[in-house]
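Fold and contact review
Here is what each chain is made of, one letter per residue.
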Amino acid sequence: MDKQLIAERFSRAIPTYPQEANVQRQIADKMIHLLTEYISFPCSKVIEFGCGTGIYSRMLLQALRPEELFLNDLCPEMKYCCEDILRKEQVSFLPGDAETVPFPAESTLITSCSALQWFESPENFFKKCNALLNKQGYFAFSTFGKENMKEIRELTGNGLPYRSREELVAALSTHFDILHSEEELISLSFDNPLKVLYHLKQTGVTGISGTSSQQLRTRRDLQLFSERYTQEFAQGTSVSLTYHPIYIIAKKKKI
C-alpha cells in the first residue's frame, strides 16, 4: 500500500470530492443511523480516522455532540477542509497515518467511514483501537468489500486487498463484541466508461484501483478499456460501477 500515492491522489481531489462523493455521503448517513441505534450516549471522547473533507465528521458532531472530537487524516491538507468545525473548541486535528500516529487513550468511540480499505494491516489496527478505548468503548466503521469496483478489477487485474465481512468480523471478535454487521451493493450508472474514470479521479481513487496513467497512458489504451468496459458492463445505454460497503458496530469486550 503506497501511502504517499494515496495521500497525493486524495489531496488532488479535495476540490471535487464533496460534490462527487455521493456514495460516501450515503454511507455516512447510514453509519450515523447505526451509531444512534446501537451505542450508548453521551460519547465524551470520539476519534475519527480518515476524516477526509469532513462529510462524516460534521454528521458526528451534530448527532453525537461529543465533548472532544479528534479528526485524523493521512493528508494534512484535509485540515483546511474542516476549518469550519475545527473552529469549535472541542474539535482538533491529528494529521498522519492512523496505523502509526498516536491517538488519545480512554476514548469512548473510535469510528471511520470509507477509510479502512487503505490500511496495511486492519488486524493490527483493531488491536490498537481496543487498547485505546475505555472499558465501555465502541469501535464502529464502514469499509468496502471484495465486490467493490469489481468492474475495474476485472478489466485491469488490479485492486485493493479488500476483506470480506466475515473476515473482518473474525478479526474483530478477538477484541470486540460485534453488535451489528451488514453489507450491501450499490450500483452507479454512467453514460460511458470515461465518465467512470472521471468519477474515480474526482474522488481520489484513480491510480490505486488499477486505473493509473501507467495502464491507460495512450488514447489507444483508453479506447480499448472503454470498448471492453462497455462490452462487459453495459446496462442499456449506460455502464455500471459497483460499490460494496460493509458496516460494523462493535463494543470492547469486558475483561
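Residues numbered from 1 in each chain as written. Predicted model: local features only at pLDDT ≥ 70, side-chain atom pairs only at ≥ 80, totals over all residues. Heavy atoms only, no water.

Note the following rule: UniProt positions are given in the numbering used here, feature names are shortened, and annotations may be inferred rather than shown by experiment.
In the annotation of an unreviewed UniProt entry, the chain is listed under the name Malonyl-[acyl-carrier protein] O-methyltransferase and assigned to Bacteroides caecimuris. For the chain, the Catalytic activity (unreviewed entry) comment in UniProt is given as "malonyl-[ACP] + S-adenosyl-L-methionine = malonyl-[ACP] methyl ester + S-adenosyl-L-homocysteine". Quoted straight from UniProt, the Sequence similarities (unreviewed entry) entry for the chain says "Belongs to the methyltransferase superfamily."

1. Description of the pattern of salt bridges
Between side chains of opposite charge, a pair can form as their charged atoms come close. Our working definition: By definition here, a salt bridge exists when the distance from a side-chain nitrogen of Lys or Arg to a carboxyl oxygen of Asp or Glu is within 4 Å. Helix and strand assignments follow DSSP, with helices taken as H or I runs no shorter than four residues and strands as E runs no shorter than two, numbered in order from the N terminus. Accessible area is worked out with a 1.4 Å probe on protein chains only. A residue is then buried under 20% of its type maximum, exposed over 50%, and partly exposed in between.
Counted by the stated rule, this structure contains 12 salt bridges. Residue K3 is joined to E99 by a salt bridge in which the shortest nitrogen-to-oxygen separation is 2.8 Å. Highlighted residues: K3 in helix 1 (residues 3-12) and E99 in the loop between strand 3 (91-95) and strand 4 (107-113), separated in sequence by 96 residues. Linking D84 and R58 is a salt bridge whose minimum nitrogen-to-oxygen distance equals 2.9 Å. Taken together, the positions of D84 in helix 6 (residues 83-86) and R58 in helix 4 (residues 55-64) put the pair 26 residues apart, joining distant regions of the chain. With relative accessibility at 37%, the residue D84 sits in the partly exposed group. Looking at R58, the relative accessible area reads 28%, which means it is partly exposed.

2. Remarks on the UniProt feature "domain: Methyltransferase type" (unreviewed entry) in the chain
When the UniProt feature table is mapped onto this chain, "domain: Methyltransferase type" (unreviewed entry) is found at residues 48-141. Counted over residues 48-141, helix gives 31% and strand 31%. Its end C-alpha atoms are 9 Å apart.

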